[in-house]
Amino acid sequence: PARPRDDVAAARARTRRAVTQPPRAAHRAARRCRSRPRRRSLARRPRAAESERRRNTVLRRRHSEKMPKSRRDKVIALTQTKKKGREWKSGLIDTVREALDEYDSVYAFRTENLRNNTFKELKSDLAESSRFFMGSNKVLQVALGKGPEDEQREGLHQLSAHVRGHAGIVMTNLRKEDLEKALEKYKVSDYARTGSLAPETIVIEEGPVHGPHGGLMEHTMEPTLRKNGMPTKLNRGVIELLADHVVCREGEHVSPQAAILLRLFGHELATFSIDLLCGWREGGEFEEYDAALEGDDDDDDVDIGDVERDRFAFDNVSKSMMLPPELMNAVPGQPLGGGDAPAKKRTSTRKKAGTKL
């Protein structure tokens, strides 16, 4: 006879249980698994708690050390250099005044196209007999004395009048001739930088472009030349200039693109030099040199023009990017056309249609 469905399901369940694991074996395995971890945790609990406490203490200490400070209502300077405060200025004044007792003469000098590495070599070469001071011109003037009432030595205030611009002072035990020879030895040529005046006009002629070594320039330089304003193209691996290109003109400021091109083509237009302006010797003897007179004449001849009109003269921005003249010279509250007629008031579309809110 056929069995009921419930009996069949129960038989199948008993068969699966018997095949997988006997009841007694499963009970023993579960008992063994429950007992072992419990004994292990009881044995290691004090040691684990102590290590966990130590780890939390270390993490809490690190978190407190790296906690950022509050920046609310605080002015943050974007510059990476620290401001030279009153302590630095007073320290420089004291250093200059103490050095006056160690040297016989003091000279004021002017630098052109200053190069820091060359200047460091000069100072290290003359370290035994001379000492250079450059920094804040006003602080150096205060250290020397601006007038007869506050000068540190007799006649020394005449020297401070020449400490302006790219200038400094040098205290030395050398004679004037020996000092000039040492300065002349460190007069070196270098590439012009952005903003300096070009002493000559540099033009690159049309045709294949040659590098500073005399041979053809590498074809990989073509994108760089084109990016800096040169109309170039590649012709079978050779860079060709489509038209004559003026890199810089004599007496004009060197643009950023021109500075890059001058370096690529090997034109060293800048010369680092130090010229003595005047000198003071022990006993109050003061002498002014030709370089100081030439500098004064150059300052008188320079025409700076209208500052408001020429404030964008040397920023290398094309005229197409500038505002039109009527907007550049516009006055607030006046019409842009320049006439005396008052500006028309704009009427909204709702008022023209006669609708009300």
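It should be emphasised that the depicted structure is a prediction, and the values quoted were computed from it without experimental measurement.

J.: What's the story with unusual backbone geometry in this structure? I'm lost.
T.: Both trends apply: most residues other than glycine have a negative phi, and most peptide bonds are in trans. Even without a glycine there, the phi angle at Asn113 is positive, about 55°. Of note, Asn113 is situated in the loop between strand S1 (105–112) and helix H4 (116–125). On the basis of relative accessible area, Asn113 is assigned to the partly exposed category, the value being 30%.

J.: What is the right way to read the sheet that holds strand S7 (residues 232–235) from this model?
T.: Neighbouring strands of a sheet are bound in pairs by backbone hydrogen bonds; such pairs are parallel or else antiparallel. Pairing within the open sheet is antiparallel, and its 3 strands lie in the order S6-S8-S7. The open sheet has two edge strands, strand S6 (207–208) and S7, and neither has a second partner.

J.: So what exactly am I meant to see when it comes to the packing of aromatic side chains here?
T.: Geometry of an aromatic ring pair is reported as the spacing of the ring centres plus the angle between the planes. By the definition in use, this model includes 2 aromatic pairs. Taken together, a centroid distance of 5.8 Å and an interplanar angle of 70° make the contact between Phe109 and Phe132 edge-to-face. Placement of the pair is Phe109 in strand S1 and Phe132 in strand S2 (residues 130–133), with a sequence separation of 23 residues. Considered together, Phe109 and Phe132 belong to a single accessibility category, that of buried residues. Ring centres of Phe119 and Phe132 lie 5.7 Å apart, and the angle between their planes is 80°; on these two criteria the pair is classed as edge-to-face. Placement of Phe119 in helix H4 and of Phe132 in strand S2 is noted, with a sequence separation of 13 residues between them. Phe119 sits in the buried class, given a relative accessible area of 6%. Given a relative accessible area of 13%, Phe132 falls into the buried group. Sitting over the ring of Tyr289, Lys176 keeps its end group 4.6 Å from the ring centre.

J.: Looking at this model, I keep getting lost on helix H9 (residues 256–265). Mind explaining?
T.: Because each turn of an α-helix spans 3.6 residues, side chains separated by three or four positions in sequence point in the same direction. Buried residues of H9: Ala258, Ala259, Leu261, Leu262 and Phe265, and no others. Along the axis of H9, the buried positions cluster into a sector of 165°, meaning they face one direction only.

J.: Please clarify how the packing of helix H3 (residues 86–99) against helix H5 (residues 137–144) should be interpreted in this entry.
T.: Two packed helices can be described by the angle between their axes and the distance between those axes. Across the interface, H3 lies against H5 with an axial gap of 9 Å and an inter-helix angle of 45°. In terms of orientation, H3 lies oblique with respect to H5. By crossing handedness, the relation of H3 to H5 is classed as right-handed. Side by side, H3 and H5 meet where Lys89, Leu92, Ile93, Val96 and Arg97 of the first sit next to Val139, Leu140, Val142, Ala143 and Leu144 of the second.

J.: Can you help me understand the nonpolar core in this one?
T.: For soluble globular proteins, nonpolar side chains are generally found buried alongside one another. In this structure, Val96, Val106, Phe133, Leu140, Leu159, Ile169 and Met171 are the most contacted members of the largest nonpolar core, which totals 20 residues. Sequence-distant contacts of Val96, defined by excluding residues within four places in its chain, comprise Phe133, Leu140, Ala143, Leu144, Ile169 and Met171. With 19 residues, the next largest nonpolar core counts Val209, Val247, Ala258 and Ala259 among its residues.

J.: Just checking my understanding: could you explain the pairing of strand S8 (residues 238–241) for this structure?
T.: Along any regular strand the residues' side chains alternate between the sheet's two faces. Residue alternation in S8 divides its side chains into a buried set, Ile239 and Leu241, and an unburied set, Val238 and Glu240. Bridge count between S6 and S8: 2 bridges; the pairing is antiparallel. If you follow Gly207 over to S8, its bridge partner there is Leu241. The sheet contact formed by S7 and S8 spans 4 bridges and is antiparallel. If you follow Thr232 over to S8, its bridge partner there is Leu241. Counted between consecutive antiparallel strands, the loop separating S7 from S8 contains 2 residues, among which Arg236 sits at a positive phi close to 55°.

J.: How do you make sense of the pairing of strand S10 (residues 270–281) when you look at a structure like this?
T.: In terms of residue burial, S10 counts as a mostly covered element, since 9 of its 12 residues are buried. Pairing analysis gives 8 bridges linking S1 to S10, with the strands arranged antiparallel. Of the residues in S10, the one forming a bridge with Arg110 is Asp275. As judged from the 3 bridges shared by strand S4 (residues 188–190) and S10, these two strands associate in the antiparallel manner. Within S10, the residue paired with Val188 across the bridge is Phe272. As judged from the 4 bridges shared by S10 and strand S11 (residues 285–288), these two strands associate in the antiparallel manner. Looking at the pairing, Cys278 lines up with Glu288 of S11. Two successive antiparallel strands, S10 and S11, enclose a turn made up of 3 residues, where Gly283 displays a positive phi of approximately 110°.

J.: How do you make sense of the side chain of Asn228 when you look at a structure like this?
T.: Tracing the sequence through the fold places Asn228 in the loop between helix H8 (222–227) and S7. Take Asn228: its relative accessible area is 10%, and that puts it in the buried class. Setting aside anything within four residues of it in sequence, one finds Asn228 in contact with Gln257, Ile260 and Leu261.

J.: Sorry, what's going on with helix H7 (residues 176–185) here?
T.: Every buried residue of H7 is listed here: Lys176, Leu179, Ala182 and Leu183. Along H7, the residues classed as buried sweep out an arc of 125° about the axis, all on the same side. Turned more than 90 degrees off the buried face of H7, the exposed positions are Lys181 and Lys185. For H7, the secondary structure elements touched by its buried residues are S1, H4, S2, strand S3 (167–172) and S10.

Rules used in this analysis
Residues numbered from 1 in each chain as written. Predicted model: local features only at pLDDT ≥ 70, side-chain atom pairs only at ≥ 80, totals over all residues. Heavy atoms only, no water. Helix = DSSP H or I, 4+ residues; strand = E, 2+ residues; numbered from the N terminus. Buried < 20%, exposed > 50% of the residue type's maximum accessible area, 1.4 Å probe, protein only. Pairing = 2+ DSSP bridges. Phe/Tyr/Trp six-rings, centres within 6.5 Å; stacked < 30°, edge-to-face > 60°. Lys NZ or Arg CZ within 6 Å of the ring centre and 35° of its normal. Arc of directions from axis to C-beta. Axes fitted to C-alpha atoms, helices over the stretch in contact; angles between N-to-C directions. Parallel < 35°, antiparallel > 145°, perpendicular 65-115°, else oblique. Left-handed = near helix turned anticlockwise from the far one by under 90°. Contact = heavy atoms within 4.5 Å. Core = buried A, V, L, I, M, F, W, Y, C linked by side-chain atoms within 4.5 Å.

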